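Summary of structural features
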Amino acid sequence: MATDGTHTRALFGGAFSVTLPPHSIDVSDIREIPDNQEVFLHSATDQSIIVELLEYQRQVPDVDAARYHFEDVTAINGALGEAGTEVLSVEPVGRDQMALRELSSVWFLSGRQHVAKFNEQAKNTVNIHLALFRLPQYTTDILVTFNDPTMISPHSSSVGLDPSQSGGSSSGVAPCWTPEQFHAAVRSLRLLDPAVFS
C-alpha cells in the first residue's frame, strides 16, 4: 500500500491493474458480481467504483459514446425521465495521460441521477463520474463509473451514511473519495493480458 493509502489491485483475474483510493472494499468478497464487472465500495460511505468490460458500440461515434453509456446506466438505475437526471459535462482526455495505451479514445463524463437503492421508493441524488475507454480492436468499451451520493433521502436504507463527509476528519471516519481520486484511479488502469478479450 502506498503512503497515501492507495493500493494497486488486479482486475479480471490479473488481466488489468488499477490503483484504487483508500478505504476500498472488493464487493466480490461480499457477494457475487457479474464476470464482466469489478465493484469496489468505500468502507464508510455509499460511494462505489465499478469497472465494466462492455461490448464495443460500433454504431455510436466516440463523441457520443460516454453519453450513450450514461443513458444506459440511467436506465439500469431506473432513473430515466427523473427530474434532475442530467449530463453536466463530457470531455475527451488525451491518450498520453493514461497508463492504458491500447485505447483509441477516452472520455470523462460528469452527470447526476436521482435513483433508489435496492428498488426502494426513496430517491437519492447521486453524482455520476464516468470514464469510457474505447478499444475497437478488442470490440470492447471499458466503462469505469464512480457513484458519489450527495443527498440521501431520509427514507433510504443509506440514511446514516454521511455523503457530506469529505476531506480530513477529526472523528477518525474515513474521508469520502473525491473526483480527483477517481480520475487518478482511471489514469492508472493498465492492460496486462490481452487474452481477457478472447
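Parameters and conventions
Numbering of residues begins from 1 in every chain and follows the order in which that chain's sequence is written. Confidence filtering applies because this is a predicted model: local features only for residues at pLDDT of at least 70, side-chain atom pairs given and counted only at 80 or more, and all residues used for totals across whole chains, interfaces and linings. Derived side-chain values reflect all non-hydrogen atoms in the structure, with water molecules and hydrogen atoms excluded from consideration. Two strands qualify as a pair provided that DSSP identifies no fewer than 2 bridges between them. Secondary structure follows DSSP: runs of H or I at least 4 residues long count as helices, runs of E at least 2 residues long count as strands, and numbering of each begins at the N terminus. We call two residues contacting when some pair of their heavy atoms lies within 4.5 Å. Between N-to-C directions, angles span 0 to 180 degrees; the directions come from axes that are lines fitted to C-alpha atoms, helices contributing only their stretch in contact. We define the nonpolar core as a collection of buried residues of types Ala, Val, Leu, Ile, Met, Phe, Trp, Tyr and Cys that are connected through side-chain atoms lying within 4.5 Å of one another. Each residue is assigned to one of three classes by its accessible area relative to the maximum for its type, calculated with a 1.4 Å probe on protein chains only: buried under 20%, partly exposed between the two thresholds, exposed over 50%. Values of pLDDT, which run from 0 to 100, indicate the predictor's confidence residue by residue. We define a salt bridge as a contact between a side-chain nitrogen of Lys or Arg and a carboxyl oxygen of Asp or Glu at a distance within 4 Å.

Focus on the sheet that holds strand β10 (residues 190-191)
Within the open sheet, the 3 strands sit side by side as β1-β2-β10. Their pairing is antiparallel. Whereas interior strands pair on both sides, the edge strands pair on one side only; in this sheet they are β1 (7-11) and β10. Where β1 and strand β2 (residues 16-20) come together, 5 bridges link them in antiparallel fashion. Across the sheet, the residue bridging to Leu11 is Phe16, located in β2. Helix α2 (residues 179-188) rests against β2 and β10 of the sheet, and its axis sits at about 160° to β2.

Re the nonpolar core
Judged by nonpolar contacts, the single largest core of 29 residues is most densely connected at Phe16, Leu100, Phe133, Ile142 and Val144. When residues of this core are traced back to their parent elements, those giving at least two are β2, β5 (48-55), β7 (105-116), β8 (123-135), β9 (140-151) and α2. Residue contacts for Ile142: discarding those within four places in its chain leaves Phe16, Val51, Glu52, Leu53, Leu100, Ala131, Leu132, Phe133, Leu135 and Leu189. Grouped together as the second largest cluster of nonpolar side chains are 15 residues, Val60, Phe70, Ile128 and Leu143 included.

Looking at the confidence of the model for the protein chain
With 82% of its residues at a pLDDT of at least 70, the protein chain reaches an overall mean of 86. Considering only residues more than four positions removed or in separate chains, one finds that residues 162-171, a stretch of pLDDT under 50, has 13 contacts.

Let's talk about unusual backbone geometry
The phi dihedral of His23 falls on the positive side, at around 65°, and the residue is not glycine. Here the phi dihedral of Thr139 falls at roughly 45°; this positive angle occurs in a residue that is not glycine. By the secondary structure assignment, Thr139 is in the loop between β8 and β9. The partly exposed category is assigned to Thr139, whose relative accessible area is 44%.

Topic: the pattern of salt bridges
Under the defined criterion, the tally for this structure stands at 4 salt bridges. Residues Arg134 and Asp62 are paired through a salt bridge, measuring 2.9 Å at the closest nitrogen-oxygen approach. Of this pair, Arg134 sits in strand β8 while Asp62 sits in helix α1 (residues 62-76), and the two are 72 residues apart along the sequence. On the basis of relative accessibility, which here comes to 0%, the residue Arg134 falls in the buried class. Under the relative-accessibility criterion, Asp62 is labelled partly exposed at 26%. We note a salt bridge from Glu86 to Arg112, for which the minimum N-O separation is 2.7 Å. With Glu86 in strand β6 (residues 86-93) and Arg112 in strand β7, this pair connects stretches of sequence that are 26 residues apart.

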